[in-house]
Structure formats: structure tokens, C-alpha cells
Amino acid sequence: METSHRDKSARLLAIIGCGAVVEEVYALELRKLSEGGWTLLFVDADTLRARGLASSFRGAEPVASLDQVIGRVSHAIVATPPASHYAICSQLLRAGIHVLCEKPFVLNPAEGYELVKQAAASGLKLHINQTRRWFPASLIAKKLVADCAVGELTSIIIREGNRFNWPTKTAFHSQPNLSRNGILSDLGAHIFDLASWVAGKPLKVINVKHDGYAGPEATVCARFSCGQISGDATITWLLAVPNKMQFVGKKGHVTIDGDCNHALVHTEGQDREVLGAKRYTGYPGIVADVIEAFLADSNNPAVADRKSTRL
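*Asks:* I tried to follow the overall build of the protein chain on my own but got confused; where do I start?
*Replies:* When its secondary structure is counted, the protein chain shows 7 helices and 15 strands. Across the 311 residues in the protein chain, those meeting the buried criterion constitute 52%. Within the protein chain, contacts between residues separated by at least 24 positions form 68% of all contacts whose residues are at least 6 apart in sequence. If you sum the accessible surface of the protein chain, you get close to 14400 Å²; carbon and sulfur atoms cover 52% of it.

Following this line, the structure appears as C-alpha cells:
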């Protein structure tokens, strides 16, 4: 039941959850939409937060519950804590609404498969904002790997660490009563999806060690495989480390470092920097493309649709 975003009567977009990700990442593009004729409905259990966000957008409305957008909107962005994603996405899809969900998609794979079937049966879009797929460096790495530029892949090495400083409104990342996972469902949802997507093979967990014995984890060491490719990852919120994701082949390796705009290729004993076709200065620029792909009839290969999300 496809609804054209070009239809003026259907230009209503619900934003479910009014926390930091909306304020920090989505706000700029949402403002452009509101100035371009879209009516935004901000939904949050905290009515003061919804009202505060709505007041900064032209013609926007604060809404107290999800039930109040059913039957009104054609598209919805789900930016609530991960544990709520399944119930919210399912209700939206049942109502015939296209969904763009923040990562991690769901915490239970069975729920993810159910949502995939639900969206497919209704002919609805179900996109997941796996932002790192849009990095020019990620697109470069995927093409180089697919073209066997470094030979057949043998391993993937991931090292990433930064002190956690996200201005979360609910602190669900660290509260045992709000989330069973910490860095795994946040940063892990990015890097393991990206590793699998670039390699072009499903990811299988072999072994995981973490420090989450009294609550959500902050450091994880994981061994995994993508087909015959071995993987080793260490991620942490406790200190800053040189970030890299390296795809090692029989003839060299491709490295994505802290700059999302370029990749480094090592072959025949030499390093070569490969620039992306489009440079981003931050996440809001990428989100502009993510939203465009969601609202328009886009086949952008970087979109994480319901079939391709690995985690």
C-alpha cells in the first residue's frame, strides 16, 4: 500500500521519540522538510520534550501517544530506545505506515524476522539507519573487496574506542532496567553490520568477552566469521584508541580509519589513499541522504533495507 510522498495530503511525518538522536542528528534535515511542506508530528511519552521540539519547527505538532498518529501519517521515524523498536515498528506497519528505524533494528532476531515479513506482506518500506554504510570510505571498501582488489579476503580486524559522551536523555545505554546491552547495541550495531555488509557474507559469532557482569557492557572483545573469513574486534567506551576497520586479503588490505571520507589500500608494499565521491562533514549530512532515500523512490545501494541488515 505504497503512498507517494509527493501527494500533498500524505506529507505528514511522525518522529517517534524526541531524544538526543533527533536533536543532534535529525534536526537539520527535519527543519528542511517542515519548511518544504511536510507536517511533523513529534511523539514522546514525555509531553514536555515533544512540545519543546515541536515548537522549533514550522507547523509541527506535539503528540502524546503513538495511537494519535495512526491514520494520519504516511511515514514514521522510530528513534526510541532499542527495546521498544519491535512493538512500535509492528504497530506502525500494521497501520500501513512506512518505517525508518534507528539502529539497532531490534534486540531479538526473531522479532526482526517478524517485522521483515510484516513489511514485505504489506509492500511497505522498512529502512534501518545503519549510517556507516553511507560513509564514502565504506562504499569504497565494499567496491574494492567486491572487485578482489586485495585478493580473496582472509580476515577482518576491528579496533575502535572513544569515551562515551552521547547526550542521552534516558541513559538507557547504562541502566540495567532499561537495556541488557551497552556498547554492543550501540557501536556494535554499526561495526558488525558494516563488516558483514562490506564482506558480503553473513556474520557468525564465535566468542565474546565483555565487562557487562553488573549491567550493560562498556568493553567487548569478539571473534567472529563471515563465511571463511575470520574476524577479531575490540571496542570500548572507556578510552580513546586509533580507530580502524581492516579487510585483509591475500594480496593486501583495505583500511577504513577515523575519517569516513577515504579508505587506505595497501598492495604490492605500497599504501594508496582512495577518496570518496562525496564528502560529509558529519552525521547530519548523511542523515539528509538517508531520509531522502526513505521518503523518495530511491534504490541507493547504501540503504539498509529490511532484507540486508545483519544485526
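Read on for the rest.
*Asks:* I keep staring at the nonpolar core and nothing clicks. Help me out?
*Replies:* Grouped together as the largest cluster of nonpolar side chains are 35 residues, with contacts concentrated most on Ile-156, Ile-158, Phe-224, Met-245 and Phe-247. Mapped by element, the contributors of at least two residues to this core are helix H5 (136-146), strand E7 (153-161), helix H6 (187-199), strand E9 (219-226), strand E10 (229-236), strand E11 (241-249), strand E12 (252-256) and strand E13 (262-267). It is H6 that contributes the most residues to this core, 8 residues altogether. Phe-224 has contacts with Ile-156, Ile-158, Phe-192, Leu-203, Lys-204, Val-205, Ile-206, Ile-229, Ser-230, Gly-231, Asp-232 and Ala-233, leaving out every residue within four places of it along the chain. Within the second largest apolar cluster, 32 residues are counted, among which are Leu-13, Val-22, Val-25 and Phe-42.

*Asks:* Which parts of the structure should I look at to understand the side chain of His-85?
*Replies:* As for its placement among the helices and strands, His-85 is situated in helix H3 (residues 85-94). A distance of 2.8 Å separates a polar side-chain atom of His-85 from the backbone oxygen of Pro-104. Apart from residues no more than four positions distant in its own chain, His-85 is found in contact with Val-78, Thr-80, Cys-101, Glu-102, Lys-103, Pro-104 and Phe-105.

*Asks:* Looking at this structure, I do not really get the pairing of E7. What am I missing?
*Replies:* Every regular strand shows the same layout, with side chains that alternate between the two sheet faces. Relative to E11, E7 runs antiparallel, the two being bridged by 7 bridges. Paired with Ile-158 across the two strands is Met-245, which belongs to E11. Bridging between E7 and E10 involves 7 bridges; their strand directions are parallel. Paired with Glu-160 across the two strands is Ile-235, which belongs to E10.

*Asks:* Help me understand unusual backbone geometry in this model?
*Replies:* With the exception of glycine, most residues fall at negative phi, and the peptide bonds are largely trans. Cis geometry marks the peptide bond from Lys-103 to Pro-104; its omega dihedral reads -10°. At Cys-148, a position not held by glycine, the phi torsion is positive, near 55°. One non-glycine residue, Glu-268, adopts positive backbone phi at about 50°. Turning to its location among the elements, Glu-268 is positioned in the loop between E13 and strand E14 (270-275).

*Asks:* For this particular structure, what's the right way to read the side chain of Ser-90?
*Replies:* Within the element layout of this structure, Ser-90 appears in helix H3. Non-local contacts of Ser-90, meaning those with residues more than four positions away in its chain, are made with Leu-115 and Gln-118.

*Asks:* Honestly, the environment of Asn-162 in this entry has me stumped. Any pointers?
*Replies:* For Asn-162, the position within the fold is in the loop between E7 and H6. Separated by 73 residues in the primary sequence, Asn-162 and Ile-235 have C-alpha atoms spaced 8.6 Å apart. Beyond its immediate stretch of four places on either side in the chain, Asn-162 contacts Thr-236, Trp-237, Leu-238, Leu-239, Ala-240 and Asn-243.

*Asks:* How do you make sense of helix H2 (residues 47-54) when you look at a structure like this?
*Replies:* Helical periodicity: at 3.6 residues per turn, an α-helix aligns residues three or four positions apart in one direction. Buried within H2 we find Ala-50, Leu-53 and Ala-54. Within H2, the buried residues cover an arc of 100° as seen down the axis, which keeps them to one side. Looking at the buried residues of H2, the elements they touch are helix H1 (20-35), strand E2 (39-43) and strand E3 (61-63). For H2, the capping residue at the N-terminal end is Asp-46, with a side-chain oxygen 3.1 Å from the backbone nitrogen of Leu-48.

*Asks:* Honestly, the packing of aromatic side chains in this entry has me stumped. Any pointers?
*Replies:* Both the distance between ring centres and the angle between the ring planes are used here to describe each pair of aromatic rings. For the structure on display, the rule yields 3 aromatic pairs. Between Phe-135 and Tyr-283, the ring centres sit 6.0 Å apart and the planes meet at 50°, which makes this aromatic pair tilted. In this pair, Phe-135 sits in the loop between strand E6 (126-129) and H5 while Tyr-283 sits in helix H7 (residues 283-295), placing the two residues 148 residues apart along the sequence. Classification of Phe-135 by relative accessible area gives buried; the value is 12%. Here Phe-192 and Phe-224 contribute two aromatic rings whose centre-to-centre distance is 5.6 Å and whose plane-to-plane angle is 85°, an arrangement assigned as edge-to-face.

*Asks:* Any chance you could explain the sheet that holds E12 here in plain terms?
*Replies:* Paired through their backbone hydrogen bonds, the strands of a sheet run either parallel or antiparallel. Across the sheet, which stays open at both edges, the 8 strands sit in the order E8-E9-E10-E7-E11-E12-E13-E14 with mixed pairing between neighbours. The open sheet is flanked by strand E8 (203-210) and E14, the only strands paired with a single partner. This sheet shows a mean twist of 15° between the axes of neighbouring strands, independent of strand direction. Sheet topology places E8 next to E9; 7 bridges connect them, and they run antiparallel. Pairing of Lys-204 across the sheet is with Ser-225, part of E9. Here H6 sits on the sheet and contacts E7, E8, E9, E10, E11 and E12; the angle it forms with E7, its principal contact strand, is near 160°.

What counts as what
- All residue numbers here refer to positions counted from 1 along the written sequence of the relevant chain.
- Per-residue local features of the predicted model are confined to residues with pLDDT of at least 70, and side-chain atom pairs are confined, for both listing and counting, to 80 or more; whole-chain, interface and lining totals are unaffected and use all residues.
- Excluded from the side-chain calculation are hydrogens and water; included are all heavy atoms of the structure.
- Secondary structure is summarised from DSSP: a helix means a run of H or I of at least four residues, a strand means a run of E of at least two, and numbering begins at the N terminus for each.
- With a 1.4 Å probe rolled over the protein chains alone, any residue whose accessible area is under 20% of its type maximum counts as buried; one over 50% counts as exposed, and the rest are partly exposed.
- Throughout, a residue-residue contact means that at least one pair of heavy atoms, one from each residue, lies within 4.5 Å.
- Using the Shrake-Rupley algorithm and a 1.4 Å probe, accessible areas are obtained, with residue cover drawn only from the displayed protein chains.
- Residues enter a nonpolar core if they are buried and are Ala, Val, Leu, Ile, Met, Phe, Trp, Tyr or Cys, with the set joined through side-chain atoms within 4.5 Å.
- In protein, a polar contact means a hydrogen-donor-capable atom and an acceptor-capable atom, both N or O and within 3.5 Å, with residues adjacent in sequence counting only if both atoms are side-chain atoms; elsewhere, any N or O pair within 3.5 Å suffices.
- Here, strands pair whenever DSSP counts at least two bridges between them.
- The arc in question is formed by the directions pointing from the helix axis toward the C-beta atoms.
- Note on ring pairs: Phe, Tyr and Trp rings are taken, using the six-membered ring of Trp, and paired if centres are within 6.5 Å. Classes follow the plane angle, with under 30 degrees stacked, over 60 edge-to-face and the rest tilted.
- In this description, a line fitted to the C-alpha atoms serves as the axis of each element, helices being fitted only across the stretch in contact, and the angle between N-to-C directions of two axes falls anywhere from 0 to 180 degrees.

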